[in-house]
Amino acid sequence: MNSQIATHLRNKLHSNAIGIFTKTNDSSIIEAAAISNIDFLILDMEHSSTSQSTIVNHIRSASLHSCPTIVRVTGVDSNEIGTALDSGATGVQVPNISTAEEAQNAVNAARFHPIGNRGVCRFVRSAQYGAMNKKLYFEESNKNLLILQVEGELGIENLDKILAVDGYDVLFIGPYDLSQSIGDPGNLESPKLLELIANVIKKSKDAGKFVGLFTDSNQMLLNYKKIGVNYMTYSVDMDILRASLDKIVEDYR
């Protein structure tokens, strides 16, 4: 049952969990990743050409090995959020949250009553196409994870209000977009950026939220683990594949 996968991931977050972003359109790659010891896969719809029908097949492939799947939608869109969850995803990740109102709208779209007002259809994959008990379905669906991304200066300015919103699990920091918003795009070692990130981590933990972060640096991966990032995402499937091939060729030559 999907709620068991969600509960397992949520329990893992109390220490730390590591996943990757995926942009592939090949569900075999998703299945291969799910066979590994990775804690979760983020199926990216914001910065990829992946269609909703492909996302469903990705979720099926990962579920064969009980690997959690988080769908990153393109924004605070109730239809996209509901469709991802209807497809059986373990959770959704919503980018570009800048205000408490946007955070609350994301919660409303991802949760059933009494937490939110997600659109109801129980004849979907997540409800076993109608076979699942209705009451159980609504209860279990609210155990799915909701991750909100703060990745701009306005989101940082409104951080306290965003953290005060109930109903989501992880406050995720988007370092690349944040670096651009402070006028230093791509510099993930900028002292100003690192100070902002450290402040977000502290405030999020004080508010009782799990903290998520992206990095494509092995060293930063270890550094952020040490300071308590719970939901760590490392690089992207296509970049990992390319870098691995480069290393094979380099070692051979």
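Look up a bit, the structure's there.
Residues numbered from 1 in each chain as written. Predicted model: local features only at pLDDT ≥ 70, side-chain atom pairs only at ≥ 80, totals over all residues. Heavy atoms only, no water.

**Describing the pattern of salt bridges**
Thinking step 1. With the rule as written, the count across this model stands at 13 salt bridges.
Thinking step 2. Linking Asp169 and Arg111 is a salt bridge whose minimum nitrogen-to-oxygen distance equals 3.0 Å. Of this pair, Asp169 sits in the loop between helix 8 (159–163) and strand 6 (170–173) while Arg111 sits in the loop between helix 5 (100–110) and helix 6 (134–141), and the two are 58 residues apart along the sequence.
Thinking step 3. On the basis of relative accessibility, which here comes to 13%, the residue Asp169 falls in the buried class.
Thinking step 4. Taking the shortest distance from any N to any O, the salt bridge between Lys203 and Asp160 comes out at 3.2 Å. Placement of the pair is Lys203 in helix 10 (residues 191–206) and Asp160 in helix 8, with a sequence separation of 43 residues.
Thinking step 5. The network of salt bridges with shared partners includes Lys23, Asp44, Glu46 and Arg72. (Salt bridge = Lys/Arg side-chain N within 4 Å of Asp/Glu carboxyl O. Helix = DSSP H or I, 4+ residues; strand = E, 2+ residues; numbered from the N terminus. Buried < 20%, exposed > 50% of the residue type's maximum accessible area, 1.4 Å probe, protein only.)

**As for the packing of helix 2 (residues 27–35) against helix 3 (residues 52–63)**
Thinking step 1. Direction vectors running N to C along helix 2 and helix 3 enclose 30°, while the axes themselves pass 8 Å from each other. In terms of axis orientation, helix 2 runs roughly parallel to helix 3. Once helix 2 is placed against helix 3, the crossing between them reads as right-handed. Residues Ser27, Ile30, Glu31 and Ala34 of helix 2 pack against Thr54, Asn57, His58, Ser61 and Ala62 of helix 3.
Thinking step 2. Tallied by class, the residues present in the contact of helix 2 with helix 3 amount to 3 nonpolar, 5 polar and 1 charged. (Axes fitted to C-alpha atoms, helices over the stretch in contact; angles between N-to-C directions. Parallel < 35°, antiparallel > 145°, perpendicular 65-115°, else oblique. Left-handed = near helix turned anticlockwise from the far one by under 90°. Contact = heavy atoms within 4.5 Å. Nonpolar A, V, L, I, M, F, W, Y, C, P; charged D, E, K, R; others polar.)

**Description of the pairing of strand 4 (residues 91–94)**
Thinking step 1. Of the two faces of strand 4, the one holding Gly91 and Gln93 and the one holding Val92 and Val94 are both buried throughout.
Thinking step 2. The sheet contact formed by strand 3 (residues 69–72) and strand 4 spans 3 bridges and is parallel. For Ile70, the partnering residue across the bridge sits in strand 4 and is Gly91.
Thinking step 3. Assessed by its sense of winding, the connection that carries the chain from strand 3 through helix 4 (residues 78–86) to strand 4 is right-handed.
Thinking step 4. The pairing of strand 4 with strand 5 (residues 145–150) spans 4 bridges and is parallel. By the bridge assignment, Gly91 is partnered in strand 5 with Leu145. (Pairing = 2+ DSSP bridges. Right-handed = clockwise from strand over helix to strand, strands pointing away.)

Read these as spatial facts, not as claims about activity.
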